[in-house]
Structures are given as structure tokens and as C-alpha cells.
Amino acid sequence: MQPFVRLAGPAAPIAEDNVDTDIIYPARFLLRMEKTGLGDVLFRDRRFTPDGTPRPDFVLNREPWRRATILVAGRNFGCGSSREQAVWALADFGIRCVIAASFGDIFRGNCLQNGILPVRLPDAALADVAGAALLGEEVLVDLDAQRICLSGQRSIDFTTEPAVREALMMGWDATEMILQRERSAIAAFQERHRAANPWLFAQGACP
Amino acid sequence: MASGTLYEKLWNSHVVSEDGSGNSLLYVDRHILHEVSTPTAFDTLRQTGRAVQRPDANLAVADHSVPTRDRGGVIADPLARAQVAALARNCAEFGIPYLALEGPRQGIVHVVGPELGFTLPGALLVCGDSHTSTHGAFGALAFGIGASECEIVMATQCIRQRRARTMLVQLEGEPAPWVCAKDVALAVLARLGSGGGTGHAIEFAGPVVDRFGMSERMTLCNMAIETGARIGLIAPDATTIAYLEGRPMAPGGAMFDRAAAAWRTLASDGDASFDRVELIDVSALSPCVTWGTTPDDVIAVDGRAPDPAAAPDAAVATRIAHALDYMGLAPGQPLAGLPINAAFIGSCTNGRIEDLRSAAAVAAGRHVRPGVRALVVPGSTDVKRQAEDEGLDHVFRDAGFEWREAGCSLCVAINDDRLQPGQRCASTSNRNFEGRQGRGARTHLMSPAMAAAAAIAGAIVDVRAVMA
Ligand code: SF4
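In what follows, the accompanying structure is described. Note that this is a predicted model, so its numbers are computed, not measured.

On to the overall build of chain A, then. Helices and strands together make up the secondary structure of chain A, namely 7 helices and 7 strands. Start at the N end of chain A and walk to the C end: the helices and strands fall as β-α-α-β-α-β-α-β-α-β-β-β-α-α. Oriented by its inertia axes, the alpha-carbon framework of chain A measures out at about 60 × 45 × 25 Å. Burial statistics for chain A: of 207 residues in total, 58% are counted as buried. Nonlocal contacts in chain A, meaning residues at least 24 apart in sequence, comprise 64% of its contacts between residues at least 6 apart. Accessible surface for chain A amounts to roughly 8,500 Å². Of this, 51% is attributable to carbon and sulfur atoms. Between the averaged position of the 23 positive side-chain charges in chain A and that of its 26 negative side-chain charges there is a distance of 1 Å.

This paragraph deals with the environment of B:Leu33. Residue and element names in this part refer to chain B. Here Leu 33 lies in strand E3 (residues 30-33). For the pair Leu 33 and Ala 468, spaced 435 residues apart in the sequence, the C-alpha separation amounts to 44 Å. Setting aside anything within four residues of it in sequence, one finds Leu 33 in contact with Thr 38, Phe 42, Asn 58, Leu 59, Ala 60, Val 61, Ile 96, Val 109 and Met 154.

Moving on: the nonpolar core. Within the largest apolar cluster, 196 residues are counted, with the highest numbers of intra-cluster contacts made by A:Phe43, A:Phe77, B:Leu171, B:Phe204 and B:Phe401. Leave out the neighbours within four places in its chain, and B:Leu171 touches B:Val184, B:Val188, B:Phe204, B:Ala205, B:Gly206, B:Pro207, B:Val208, B:Val209, B:Leu220, B:Ile280 and B:Val282. Formed by 27 residues, the second largest nonpolar core is a distinct cluster that contains A:Phe4, A:Leu112, A:Val141 and A:Leu143.

Turning to helix H14 (residues 381-389) of chain B, its buried residues are B:Thr381, B:Asp382, B:Val383, B:Lys384 and B:Ala387. The inward-facing, buried residues of H14(B) abut helix H4 (109-116), helix H13 (353-363), helix H15 (392-398) and strand E17 (402-403) of chain B.

Conventions adopted
- Residues numbered from 1 in each chain as written.
- Chains lettered and ligands numbered in written order.
- Predicted model: local features only at pLDDT ≥ 70, side-chain atom pairs only at ≥ 80, totals over all residues.
- Heavy atoms only, no water.
- Helix = DSSP H or I, 4+ residues; strand = E, 2+ residues; numbered from the N terminus.
- Buried < 20%, exposed > 50% of the residue type's maximum accessible area, 1.4 Å probe, protein only.
- Contact = heavy atoms within 4.5 Å.
- Areas by Shrake-Rupley, 256 points an atom, 1.4 Å probe, with all protein chains shown as cover.
- Lys, Arg positive; Asp, Glu negative; His and termini not counted.
- Charge placed at Lys NZ, Arg CZ, Asp CG, Glu CD.
- Core = buried A, V, L, I, M, F, W, Y, C linked by side-chain atoms within 4.5 Å.

Next comes the structure, spelled out in C-alpha cells:
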């Protein structure tokens, strides 16, 4: 996974609550089996007309946000379906950080698996960032310092759980980390668990 | 020992290790797989040379992209065909039990798991699908995960999670006739809002839940995710245990008795404290419908769409206006009487035998309004067989409904079943998001009886008026 330390770029404002993953990545494209090259489907029905013409008023079709590396959203961003395609489409477009008032839990987890930083901000701070985003200012997100820098020396601090921050900054592969660090703990747990709940290990054959 | 909630007990009994910042590594007992969220997980296993830790802890079935008719032949859509074939091939390669599309046990992941007894109380169960909350109806710690996490689970038998806050939703009173579990679920959404449950594990309790059968409990837990809560939980009781006894993949004989004894102890302590408690009395509840594009846009069937002019602030007004526009509704418009193009009875919310019985009771001796396309899609092939044994297929067909094979169908519209832009559908599924049933399609969520009544009336209608 690509490490995330610092990121600067235009931030695209999506001033809407409850943007679900069906909006981010419409269900009808879920038959695709790869996780790369999905950027063309990102916000498909908001971004394009049915015949594929870009809608000029949609933020990601406008300068400077066509080059956005950050999204600034509202409440409950990424709610709904667990589809990781939503995150893969964001990544393929070039988005590596989403700043919002809150996130759908599964979406947030999916971001972390793909080196995308989800930042949660209280309303006032979020409004500040959204204002800068709307002006097309360059926004700097520094995970190392846990700080968002806006133009004119303004900055906003945020917090990330230490383990999450470390994993993102190191670009760790989650499976590899578990296998390396936890193998014996898992084996020991499994033995205890089996002894306490043998029925969980003795299911009938799959019909 | 300090007293705890059911969620905390389930959590504690699965912690392998903790990282000191609120994240724990949890042991996974059950993983259910479907064709849409797993192809990349298997690709990663192959690329990294990792093995599946416990193939027997996995169960796979194709449901989302499968056609629901003409099932004998080749799947017409080449992408869907490739996706289903990939699941079968991947399962064969990694030794994972797979319920064949042509077999008697295929169905929607969240219908099949419980039906087979693969879902058990006290188990930690995951699936690359947000409605995995359904399985919490058994007192399992069940939640949806992403595709990358499917690979983590298969390779490590574990999942890293942040502990949720706890919420008790206490359901009091007695629902009126024709007010069912779906209406209660919608009432919970109306109370909590989409996002109101985010970060929480919800436990449903109270006399309403005690009286509910497993099917109704699953409907309730299924829709917990629409509040943002990844987990909906119900403590196992005699109803749960009776449901599981004799299921093919449930433990048998003396092992079942031993398990059942343990399951009876799975409950929140009387003095356990929840981070949040909501009390909802369902006695005065009417059948509910959604008017908008998030599942909490709920009103009683005799209610009116909201008026943005009456919204508390500009942001809410904008959202309401946008949703009304998408739904083709005027501010303040009554929902009853609104003509529909389609009705969909099925999905993991309402595709079980009890749901079909309820819809059939409305359909019996009546006829679908000409011009309305009405689909009945059993949640599993076993539900279909049961329904046919009971003659429900004839009831539906005689009434002008299409009787289909099991699958997700119009709940997600990535298969052959989808609506055209602007079409309006009375649907028993769980999401009314923009485009969910096809680009530009308009979805009104409701119960199976209400959807059947709408099909017959050709418009949104109070089922009680149809049955009067
Ligand atoms: S029926 Fe709908 S909600 Fe349930 S698993 Fe299928 S697509 Fe998801």
C-alpha cells in the first residue's frame, strides 16, 4: 500500500449529507471484477449525463477540482453498501483523503485498506475547510503532524487513532501485519475458543 | 464480574489481542461469501501465496448478479456469467464450500446462512455485504466488511475492529393488524435517522421483539445498517433455539444441547448500561412507506411528502427539494394514491417464507392492476420450494405476479431485473437510494403486504383498505 504522510492539492467540496456508496459507485457497475481503472464510474450519475457527456456543473468536472486529491464532504459520507468499489473509484480518480463530519463505518474501514485517509472534523472546522475548498485553494493534509493547512497560515488539527496513523504512514499491508505479529496469539486463542465453544468448530456438512 | 451488554460479551469472547488505541483483533467464526465482493480477495490470496486458514469456516453462494428466470441455461450477461463462474472456481481452488446456482440451497447470503444453521448465536460472523447485520437476530456478532477485509479474514481468520458504542432500542406495545416487522424497522429509522446509529451496535429488545419470530427479527436487524449501525443484535431465546434445531449445518445431538445451554446465557445483564437508550411504542404505528431517497424518509401511508419550506434549515430544505425532485413528488403531496409501475417482493429484508405468506394473503383472489409489473422473488431456493409446497406460487401467478428464482433481483438491479428511469416501484427491499433499482428509478420501501396491496391497487395504498 502507498504510504500516506502528506498530501497537497485542490479539495473538491461535496456539500451534501448522506452521500451513499450507490451515489459514489452506482450498483450497475458492480459486475466489474477488477479494482483498478474504476475512476470513470466515480459519481457516475452526478458527473455524467446518461449518454456519457460530463455535466459541466458537477464539481469534479470543473477546474481546479478535476485534479482534486481531497474530497470535503458532509455528514455520514459513504453510508450504505459495503462496496469497496466506491473507494477504488475514488483512488483511481486521484483522491487520497476524504474530510467529512462523519463516515459510514464500513466505508471508513475500506479507505484505510486502500491508503486513503478519512479525516473527521467538527462542524466549524469542516466549514472552514469547505470554504477554502470552494475557493479552489490548495489544501495541505499532514498526517504526520495531524494538521490541515489552509492558505494564509490557517491550520486545523485533527486526530487519528495511533495504530491507524502508523499503518497509513508506513503503508502497511494489513494481512501481512497480522500474520507477522499475531500468528501465535491467533493459534492460542483458537485453541481456547474451540475448547469453550466446540460447536463452532463442528458444523454439519454443507449440503 | 462487571455487568455488560450482549454486544460487550460477544466482543470480549472474540478478542485475540488489543492494540491499546481502541482497536482489537477479533477471531472470526463464520465468513459468508458472494460473487461481487470477493474476486479481488481471491486475487490477492493467489498473488501473495497465502492460504485460507479455515476453509470450513467459509460458505459461498452467488446471489447479487444472478438472473432470476431461465436459470437452466447460460447466464446471458457475460460480466455476470464471469463473476459467478469466478466464485465457483475460486471456491474450488481454495476448498471453500459453495452452494451451486443450480442446487437446492442457493439464495441470498443473509437468507441462506440462517436457513442452513451456518449462522449461530455467539458466533462472530462477517460477510462482504453491509446487510450482514441480519444475522445479529440470532445473537451472533455479525457485521459487514469490505472486499479487502474478506481477504484478511480468509488469510488470518481474524478482523481488526474498533469497538462500537452500545444502543438499546426497546420496542414496546403491540403492533396493529397489518403493521409488521418492516414497519417497525422503518419506525426505528424514522426515530434514529440515517446515520443516527453510526458507530453503534444496536440491541433490539422488549415485548415486540420477544413475540417476533426469527424472520421478523431478521427484518429488524437487517435494516439496522440503514441507521448507520453496523450491528443489530437480539438475544437468543427459545424461539432462536427452536429455529436452529435440525438445521443442516447447525450442531446436532448432544452437541446441540450443549450449545443451546450456552446460547441461553447470551443476554445483556439486567443492570448493564448502554451508551444510548431509545424507547419506541409501536402500538399506534400505521403501515409505513418511504417518500424520498434515504431509508429514514419514512411516513405513515396516509401521510404527505414534506415541504422544503417547512424545513428547519437551508441544508435540510435543499436535501428535501432534491429528493422530491428525484422522486417526482410535489411538496406536501399525499403518498396514498400515487401510481406505481412496479412492485418487488423479495430481498434479504423480506424474501423469507413468512414474507411471501403475508403478501400472498393480500394477493389471494385479487389481481395486479394492468400495466403494473409485479415480481415475487424468493430469498432462497429453499424458500421457493417451501412456497411452492404451500401453493403460494399459484396464488401469486393467478393474481398476475411473476414468480421467480431466488436472488437479489430488483433490490440491487445489477442482474437482469431493473427499472427504467422515472419508473416508480413499491419495494420490500431496504434501500431507496438514487439509482438503486436502475438509473433514475424511484423506490418506495414498504412491507410485503403493502407492496402486494400496491400492486393490486396500481398505486400506493393502505393494505388495510384493500383487505377491508
Ligand atoms: S437482497 Fe439486496 S440488500 Fe440483500 S444482499 Fe442482496 S443486494 Fe444486498
